[in-house]
Amino acid sequence: MLLNGKCHCGAIEFTLDWPDDQPHVAARQCSCSFCVKHGAVWTSNPGAKLSVVLRHADLISKYAFGTETAIFHICARCGAVPIVTSEIANHLYAVVNVNTFESFDLSRLRRGTADFDGEDVQSRLTRRCKHWIADVRISQGGA
């Protein structure tokens, strides 16, 4: 199943190729202050493939906080946060914000919460390698 998404203005667009044998999308609402303040709800699937196009790379702001092991890709024009990436052992992993999906049947979401407070860095990276999207491609494209 192909899931398309973007920031509000379209500077960051993505296509998430979700495994066909998994009709539901797990959506985790993180309790960290950044995600709460941005209303972000994340999904990932190690069997999925993510293709991101930065239509206006000059408008993309990258933000890291806490352990600085994840990069939040924020559109400087509209303020949306469609993706987060983490480079682990020279490999790029990602999660996407389900609130940036386009034309998606929300009844397919399986919502839950996530709290990573107290998680040490190695456990965090191990969890990402196991659960985040491992096939990630980011390119720059014209408007």
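Residues numbered from 1 in each chain as written. Predicted model: local features only at pLDDT ≥ 70, side-chain atom pairs only at ≥ 80, totals over all residues. Heavy atoms only, no water.

(A) Structural context of the overall build of the chain. Summing up its helical and strand segments, the chain has two helices and 11 strands in all. Reading the chain from its N end, one meets helices and strands in the order β-β-β-α-β-β-β-β-β-β-β-α-β. The globule rule puts the C-alpha radius of gyration for 143 residues at 15 Å, and the 14 Å found for the chain is close to it. Seen along its three principal axes, the alpha-carbon backbone of the chain occupies a region of about 40 × 35 × 30 Å. (Helix = DSSP H or I, 4+ residues; strand = E, 2+ residues; numbered from the N terminus. Rg over C-alpha atoms; globule rule 2.2 N^0.38 Å.)

(B) Region of the structure containing the sheet that holds strand S2 (residues 12-17). Read across the open sheet, the four strands follow the order S1-S2-S5-S11; overall the sheet is mixed. Two strands close off the open sheet at either side, each with one partner strand: strand S1 (2-6) and strand S11 (135-140). Each strand axis lies, on average, 15 degrees off the axis of its neighbour in the sheet, ignoring direction. Relative to S11, strand S5 (residues 49-54) runs parallel, the two sharing six bridges. The residue of S11 that forms the bridge with Val53 is Ser139. (Pairing = 2+ DSSP bridges. Axes fitted to C-alpha atoms, helices over the stretch in contact; angles between N-to-C directions.)

(C) Representation of unusual backbone geometry in the model. Although it is not a glycine, Ala89 adopts a positive phi angle of roughly 50 degrees. Its identity as a non-glycine residue notwithstanding, Ser103 has a phi of 50 degrees, on the positive side.

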